[in-house]
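Here's the letter readout for the chains.
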Amino acid sequence: MITIKVPCSSANIGPGFDVVGLSLSIWLTLQVNIVTTTTTTDTTPPPHTLNCNITYEGEGASHVPLAADANLITRTALYVLKCHGQRTFPRTTHVHIVNPIPLGRGLGSSGAAVVAGVLLANSVSKLGLSKDRMMDYCLMIERHPDNVMAAMMGGFVGSYLRELDPADMERKEIPLAEVLPEPAGGINTGLRPPEPPLGIGHYIKFGWAKEVKAVAIIPDFEVSTATAREVLPEVYSKKDMACLSPITGTSGIFNLQRLAVLTTALTRSPPDAELIFQAMQDKVHQPYRKHLIPGLPEILASVTPQSHPGLLGICLSGAGPTILALATHNFEHIAEMIMARFKQEGITCRYELLEPAYEGAQVIES
Ligand SMILES: Nc1ncnc2c1ncn2[C@@H]1O[C@H](COP(=O)(O)OP(=O)(O)O)[C@@H](O)[C@H]1O
Ligand SMILES: N[C@@H](CCOP(=O)(O)O)C(=O)O
């Protein structure tokens, strides 16, 4: 049996839109068995299944598709297999998916699914790809690196995408539908899909002060990441990107200033709550997403280190609607205050106290 474990992740952490991600302790798990048949008559692959049977439990169990060419995990795996000249899974692959990561809540469920799919293909067909090369495949599917990089590598991670030469750029700009065709659109056509250029994504793991925990307040509604990206401006004006200092009258790049401070501030023990709280402010994505998440501006403004001792900083997790509060203590109280504020908007929530998943994605063979 092969066990594949991939953590959830919280992207952005305030100012680091599409740049930083933090992998956290909720794990998507795949239990994979390849059952080889011994009967000589059984030579034709069963139609439609692509040699893969899926069972599923956990979040989304009532509606996540279980056909191998429709489920995001196995579609991703089939993309990687096709790039290596293999049209199906090895016969017969059984994948049992256990998914406790809530879908469409800003905790990187799709990033974890994509990472799991690439690891699945690499394991079942013994492709021998490194984590760095597997990341290239992930980035052909989920094109912002923050979630997939944190989920694959583990911990608090910053990443950038290399400037590609024009030929490689063309390969990366290929429409997603050609990388992951819709089931009817030809995962089984003879066409070989576009292979990723080499070395698209580069990363560094930051430190993390061990006393800092993450409280995820998870509302009971979904915001699709695609929708939450559509509301963002195509271009940012100088005014959006800059802040005017009331003292010097000079302007600076608001998010970049904060991100530069935040990545080191979160490594220091004891953490400086005032510094971290200010460094987690954002002007690039949260203000544009506020109408998708009722109560968001009020929550971000009213939960502070002064009003809630133990709190270090607060932000939207990924594209939302989950709120991520970083704190050293008082976790339950912080979560209850935020849940009470959501309740005023008629929204019920649950919360989870999470730790960084330092080790990232894992494959265990037994
Ligand atoms: N374990 C999974 N199996 C199959 N599909 C999944 C899985 N996890 C996520 N997905 C797909 O990804 C979608 C959610 O992705 P997205 O909108 O990016 O939200 P987020 O990544 O923040 O949870 C789900 O609606 C589903 O289509
Ligand atoms: N940087 C992305 C992160 C999306 O994360 P998700 O967990 O909501 O998929 C964005 O903010 O759009």
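Structure: see above.
The present account deals with the structure reproduced in this document. Keep in mind that this is a model prediction, so the values were computed, not measured.

### Some words on the pairing of strand S2 (residues 16-34)
Bridging between strand S1 (residues 2-12) and S2 involves eleven bridges; their strand directions are antiparallel. In the sheet register, Pro7 faces S2, and the bridge partner there is Trp27. Once S1 ends, the chain turns through three residues before running back antiparallel as S2, passing Ile13 with a positive phi of about 45°. Strand direction decides the pairing type here: S2 and strand S4 (residues 93-99), joined by six bridges, are antiparallel. Along S4, the bridge assignment pairs Leu30 with Ile97.

### Considering the site of ligand 1
Every one of the 20 residues lining ligand 1 counts as a neighbour, but Leu72, Ser109, Ser110, Ala113 and Thr225 are closest to it. Going through the elements one at a time, helix H1 (72-83), S4 and helix H2 (109-124) are the ones with two or more residues in the shell around ligand 1. No other element matches H2, which puts four residues into the shell around ligand 1. Of the residues that constitute the shell around ligand 1, the class distribution is eight nonpolar, eleven polar and one charged.

### Brief notes about the site of ligand 2
Ligand 2 sits among 17 residues. The nearest are Ala11, Gly106, Thr225, Gly318 and Ala319. At the level of elements, S1, S2, helix H4 (145-153) and helix H7 (225-230) are the ones that each hand at least two residues to the shell around ligand 2. In terms of residues, the shell around ligand 2 owes the most to one element, H7, which gives three residues. Of the residues belonging to the shell around ligand 2, the class tally is five nonpolar, nine polar and three charged. Taken domain by domain, the shell around ligand 2 gets at least three of its residues from each of domain 1 (2-204) and domain 2 (207-354).

### Thoughts on the pairing of strand S11 (residues 323-327)
Buried residues dominate S11, accounting for five of its five residues. Here S11 shows a buried face lined by Ile323, Ala325 and Ala327 and a second buried face lined by Leu324 and Leu326. The sheet contact formed by strand S7 (residues 213-219) and S11 spans five bridges and is antiparallel. Counted as the bridge partner of Ile217 is Ile323 from S11. Relative to S11, strand S10 (residues 311-316) runs antiparallel, the two being bridged by five bridges. Looking at S11, one finds that Gly313 is bridged to Leu326.

Cut-offs applied
Residues numbered from 1 in each chain as written. Chains lettered and ligands numbered in written order. Predicted model: local features only at pLDDT ≥ 70, side-chain atom pairs only at ≥ 80, totals over all residues. Pairing = 2+ DSSP bridges. Helix = DSSP H or I, 4+ residues; strand = E, 2+ residues; numbered from the N terminus. Near = placed C-beta within 6 Å. Nonpolar A, V, L, I, M, F, W, Y, C, P; charged D, E, K, R; others polar. Domains from an automatic or database assignment. Buried ≥ 20, exposed ≤ 12 C-beta atoms within 10 Å, placed from the backbone.

In short, the description is geometric, and any link to function would need to be established separately.
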